[in-house]
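So the chains spell out like this:
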Amino acid sequence: MSRNEIPLAQSFVLPCGLRLSNRIVKASMEEMLGNSDNQPNEYIYRLYQRWANASFGLLLTGNVQVDDRYPGIMTDMMIPSKDKIDIEKWKKYADTCQSHGTPTIVQINHAGRQSLSGKRPLLERAIAPSPVSLSFGNNLFVRTLQQLALGTPKEMTRAQIDETIEKFVEAAELMFKAGFAGVELHGSHGYLISSFLSPKTNRRNDEYGATPKDRIRFLLRIIDAIRAVVPSTFAVGVKLNSADYSTGGLTEDEAYDQIRWIDDHGGIDFIEISGGTYEAPAMAGSEDSRRSERTKKREAYFIEFAAKVRNTTKIPLIVTGGFRTREGMNDAIVSNACDFVGIARPVCIQFNLPQILLDPTIPDKDARALQYDIRGSSIFSLLPIPGGRSSCATVWYNWQMQRVAIENREPDPTLSIHGKLLTVLLEKTKKIIPFFVLLCALWYASFLKEFILKSYE
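Residues numbered from 1 in each chain as written. Predicted model: local features only at pLDDT ≥ 70, side-chain atom pairs only at ≥ 80, totals over all residues. Heavy atoms only, no water.

A. Representation of the packing of aromatic side chains within the structure. The tally for this structure, following the rule as stated, stands at 13 aromatic pairs. Between phenylalanine 12 and phenylalanine 340, the ring centres sit 4.9 Å apart and the planes meet at 75°, which makes this aromatic pair edge-to-face. Of this pair, phenylalanine 12 sits in strand β1 (residues 12-13) while phenylalanine 340 sits in strand β13 (residues 340-343); the two residues are 328 residues apart in sequence, bridging distant segments of the chain. Taking relative accessible area as the criterion, phenylalanine 12 reaches 18% and is therefore assigned buried. Look at phenylalanine 340 and you get buried, because its relative accessible area is 1%. The interplanar angle of 20° and the centroid separation of 4.2 Å between the aromatic rings of phenylalanine 196 and phenylalanine 218 together place this pair among those described as stacked. Taken together, the residues phenylalanine 196 in helix α5 (residues 192-197) and phenylalanine 218 in helix α6 (residues 217-227) connect sequence positions 22 residues apart. Across the pair, exposure class does not vary: phenylalanine 196 and phenylalanine 218 are buried alike. Counting every residue linked through ring pairs, the aromatic cluster contains Tyr48, Trp51, Trp90, Tyr93, Phe180 and Phe351. Above the face of the phenylalanine 351 ring, arginine 50 is positioned so that its terminal group lies 4.5 Å from the ring centre. In this structure, lysine 308 is placed above the aromatic ring of tyrosine 256, and the distance from its NZ or CZ to the ring centre is 5.1 Å. (Phe/Tyr/Trp six-rings, centres within 6.5 Å; stacked < 30°, edge-to-face > 60°. Helix = DSSP H or I, 4+ residues; strand = E, 2+ residues; numbered from the N terminus. Buried < 20%, exposed > 50% of the residue type's maximum accessible area, 1.4 Å probe, protein only. Lys NZ or Arg CZ within 6 Å of the ring centre and 35° of its normal.)

B. Fine view of the pairing of strand β6 (residues 104-109). Most of β6 sits inside the fold, with six of its six residues counted as buried. Two elements, strand β4 (residues 58-65) and β6, share five bridges in a ladder whose sense is parallel. Residue pairing in the sheet places glutamine 65 in a bridge with asparagine 109 of β6. Relative to strand β9 (residues 182-187), β6 runs parallel, the two sharing four bridges. (Pairing = 2+ DSSP bridges.)

C. Just the environment of aspartate 339, in detail. With respect to the helices, strands and loops of the structure, aspartate 339 is situated in the loop between α10 (326-334) and β13. A sequence separation of 22 residues divides aspartate 339 from leucine 317, and the C-alpha atoms of the two residues are 5.3 Å apart. If near-sequence neighbours (up to four positions away) are discounted, aspartate 339 is found in contact with Phe12, Arg23, Arg310, Ile315, Pro316, Leu317 and Ile333. In this structure the side chain of aspartate 339 is engaged in a polar contact, spanning 2.4 Å, whose partner is the side chain of arginine 310. (Contact = heavy atoms within 4.5 Å. Polar contact = N/O pair within 3.5 Å; in protein donor to acceptor, adjacent residues only side chain to side chain.)

D. Molecular detail of the nonpolar core. By size, the foremost hydrophobic cluster in this structure holds 103 residues, and its most contacted members are Trp51, Met175 and Leu185. Considering every element that reaches this core, the biggest residue donor is helix α4 (residues 158-178), with nine residues. The residues touching methionine 175, leaving out its near neighbours within four places in the chain, are Val64, Ile79, Trp90, Val106, Phe180, Val183 and Phe234. Counting 14 residues, the second largest nonpolar core, distinct from the first, contains Phe12, Cys16, Ile105 and Ala235. (Core = buried A, V, L, I, M, F, W, Y, C linked by side-chain atoms within 4.5 Å.)

E. The arrangement of helix α1 (residues 42-52) in detail. Within the sequence span of α1, burial applies to Ile44, Tyr45, Leu47, Tyr48, Trp51 and Ala52. By the N-cap criterion, in which a side-chain oxygen at the helix start approaches the backbone nitrogen of a residue two or three places on, α1 is capped by asparagine 41, the distance to tyrosine 43 being 2.9 Å.

F. Focus on the side chain of asparagine 38. Inspection of the secondary structure assignment puts asparagine 38 in the loop between β3 (24-26) and α1. Within the local environment of asparagine 38, its side chain forms a polar contact with the backbone oxygen of aspartate 76, the two atoms lying 2.9 Å apart. For asparagine 38, the contacting residues outside a window of four places in its chain are Met74, Thr75, Asp76, Met77, Met78 and Lys119.

G. How the structure looks around the pattern of salt bridges. Per the counting criterion, the structure on display carries 20 salt bridges. Two residues, arginine 158 and aspartate 206, come together in a salt bridge whose shortest N-O distance is 3.7 Å. Placement of arginine 158 in helix α4 and of aspartate 206 in the loop between α5 and α6 is noted, with a sequence separation of 48 residues between them. Judged by relative accessible area, which is 45%, arginine 158 ranks as partly exposed. Between glutamate 254 and arginine 215 there is a salt bridge, with the nearest N and O atoms lying 3.5 Å from each other. Placement of glutamate 254 in helix α7 (residues 252-265) and of arginine 215 in the loop between α5 and α6 is noted, with a sequence separation of 39 residues between them. On the basis of relative accessible area, glutamate 254 is assigned to the partly exposed category, the value being 22%. (Salt bridge = Lys/Arg side-chain N within 4 Å of Asp/Glu carboxyl O.)

H. View of the side chain of asparagine 241. Relative to the elements of secondary structure, asparagine 241 occurs in strand β10 (residues 235-241). In terms of polar contacts, asparagine 241 uses its side chain to reach the backbone amide nitrogen of histidine 189, at 3.3 Å. Within the structure, the side chain of asparagine 241 is placed 3.4 Å from the backbone nitrogen of glycine 275, a separation counted as a polar contact. The residues touching asparagine 241, leaving out its near neighbours within four places in the chain, are Gly187, Ser188, His189, Ser194, Leu250, Ala255, Ser274, Gly275, Gly276 and Thr277.

Spatial relationships are all this shows, so hold off on functional conclusions.
Written out as structure tokens, the structure is:
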């Protein structure tokens, strides 16, 4: 078998003219490497240098928040106010990602109702299309935690909608000036764009939510506004849910209609198919038991939906989640269910996986992701929080990225969650020991002073 006979190895040209050398995409993951200014730094450069040299056809970065007042987590990459943007950091980020010729697209996002306090005043609430809180369960512990961490969002005014659209535009302009190949709008997993698209979280009665088609207006306005300021050669994609997998949420039929409307509207170079929210995290594989046997054989979580969508749009499709073997990936491409396969978690452990998949000298049975178990994760399924085990796995993969980025070490698939948690606890304890020693010394000095004074009375 030659490399030309591997469907994954075929090149592809996006509508904007961007050429990809193969069909393997490094999908987006939250790197959690932001520091004091939440702009690119030496850690993110080191991590992406590894992926840049891995023979992907395309790199998708992790979340870059368009408004630092509304981050998903405090270690996200964020775009600060204009006077604080360091364009050189973003240029170095782009240069690092594309140092071996792999085009890189930045995923830009607004966390919406899933935003923690961020850099806004403490009592200022997050914003969303409607004041609908997240729900992670009905027990008292979960409800209390949810209210303390997130609370109930504030319904966005039209002025806030306009301002937020402008934030997405400014983000796209910044990425173009920095030298990236494009941007991907994060419209899934319950973030702001996704919450406009879902009937569960968008209960507005105006032009942004009164009808199913109105719910897509926010996204279409962002697309048009970005297209108005970037050249046609700059890629603009969107990540969408195939369904929310929650009661009252977006259904597959509604998601199908949204993709059809986007296709009719134009302006998009690719669509990445995902699914679920953090209330029902299908994107992490927690919905695996619901999938048909045929879907399981095809590996990807959302491949059946993508195959259905293919009949209604010619926009290139990326399917992310579940792919582990060259056979499964090739089947997805050959069947025309999608144009690209997205790989995320496996390449936190195995940075050279694309090279293995594209190597014609390696037989199909061996051309697959490394197999491993996340030691110590099963106990977290007992937590009174939906997706406790999958959330724990997300943290485990983040630790692997930090080993590479911060510690400059190789990933460790044998890493135990219990062991790592103990290590983190000990490290934190070591940091506060001097503080406690100082307190004890001050207390002892005060006691000694009182004792001496009393002895002279």
